[in-house]
Amino acid sequence: MLLNLLGCREIINDLQGYYLSSLSHIIIINISLYLNRMKKIVFIVGGAGYIGSHMAKHAVLAGYDVVVLDNLSTGHKDAVKYGKFELCDIKDKTKLDALFKKYQPDAVMHFSAYSIVSESVVDPYKYYDNNVSGTLNLLKTMLDNHCNNVIFSSTAAVFGNPEYVPIDEEHIKKPINPYGRSKLMVEQILEDFSQAYNLKYLVFRYFNAAGHDVDGELSERHDPETHLLPLIMQAARGNRKNIAIFGTDYDTKDGTCIRDYIHVDDLCVAHLSGLNVFFNEGKEVHSNNFNLGNGSGFSVKEVISKVKELTNKDFTVVERERRSGDPAVLIASNIKASKILNFTPNKSKIEDIIKSLI
Ligand code: UDP
């Protein structure tokens, strides 16, 4: 069992070969087959993207058999360094159905969504079509194929402008853009499906996912890049001429927006706890939602000056108008995740997150 948990299929195979000539070979082969059958199969949908590719690595290293499904519309094939890859769009029911029949996954992790707020405002169809219709298609295919466990990537954007911080799970959900609404719609669909069809789900609402894999194998590659930390790093490396601060007149300590940055590896570890809920724990935990953040916030100016300090590089900072749809402060309460999932971020300091990017 230990070998299986560590994902050491090769060791199991070696043992199998070594004992082949001995009288005990039948027992060993049977144990090996049993262990292999016990290995859970997880579909990572959107696994060629930033968070999904990190998740595939964590899941493989934790001993899961991973299959990455991605249509490569925003992801990168060369980001799939762990698990098998299948080119598939979540709107393609025929292809999805064939893949569920081929692999018979035990659980699905669903990262496959468009996520640029400003784009969602000018092209809401794209967001509802992929994020909502595509997800409905995926969920229906899961149910048709008796796969009842799903972890859904949601967002702090479901809350809209917060009425208080830190934001807990009970906070009113009033998204202020189509992206946030598309995610909230799926959260509601999951709740209804769990009541009606016994679907087991976990919703993880990410605050500001940031940082890279510590081994430097994986990275964040959005095109266009809109996120603060990767853009500041481009400026620090001399790959862009300046970094813009969007809004300096917010009601915050230095007038710039405050965000709760959480390392992508910490997010992935929370997802592994989620799988554990499906496979090893009691009924009361699943079909639940969790906010994932560090519980502390940093202003745009603070993040810029931390990057300057840690990289020892100076670069030009320009002040611009507010970006539409940006709430002044987003900070998560992670108390529920900590109590129920034992969620304790390892890289909770902004320094740790920035260092992983250097
Ligand atoms: N931001 C900024 N300059 C940039 C990119 C982002 O000032 O070039 C600000 C943005 O307005 C927000 C914060 O940085 O207040 C975090 O933005 P990001 O896009 O990284 O994540 P979001 O909070 O929108 O999910």
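Model, not experiment: these values are computed from the prediction.

We now examine the overall build of the protein. Counting its regular elements, the protein contains 13 helices and 14 strands. Among the 358 residues that make up the protein, the fraction classed as buried is 41%. Of the contacts made within the protein by residues no fewer than 6 positions apart, 77% connect residues no fewer than 24 positions apart.

Residue proline 166 follows valine 165 across a cis peptide bond; omega there is -10 degrees. For proline 166, the position within the fold is in the loop between β5 (149-155) and α8 (178-197). The step from aspartate 223 to proline 224 runs through a cis peptide bond, and the omega angle for that step is 5 degrees. As for its position among the elements, proline 224 is in the loop between β7 (208-210) and α9 (228-236). One non-glycine residue with positive phi stands out, namely asparagine 198, at about 65 degrees. Note on placement: asparagine 198 falls in the loop between α8 and β6 (200-206). Unusually for a residue other than glycine, asparagine 342 sits at a positive phi of about 55 degrees.

It is worth spelling out the site of the ligand at this point. In the vicinity of the ligand, 14 residues are found, and the nearest of them are His227, Leu228, Phe246, Cys257 and Val300. Secondary-structure elements contributing two or more residues to the shell around the ligand are α9 and β8 (242-246). Ranked by residue count, the leading element in the shell around the ligand is β8, at four residues.

Turning our eyes to something else, we now look at the nonpolar core. Counting 91 residues, the largest nonpolar core has Ile44, Ile232 and Leu292 as the members making the most contacts within it. With seven residues, helix α10 (residues 264-280) is the single largest residue contributor to this core. Aside from chain neighbours lying at most four places away, what touches isoleucine 44 is Gly52, Met55, Ala56, Ala59, Val66, Val68, Gly83, Met109 and Phe111.

What counts as what
- Residues numbered from 1 in each chain as written.
- Predicted model: local features only at pLDDT ≥ 70, side-chain atom pairs only at ≥ 80, totals over all residues.
- Helix = DSSP H or I, 4+ residues; strand = E, 2+ residues; numbered from the N terminus.
- Buried ≥ 20, exposed ≤ 12 C-beta atoms within 10 Å, placed from the backbone.
- Contact = placed C-beta atoms within 7 Å.
- Near = placed C-beta within 6 Å.
- Core = buried A, V, L, I, M, F, W, Y, C linked by C-beta atoms within 7 Å.

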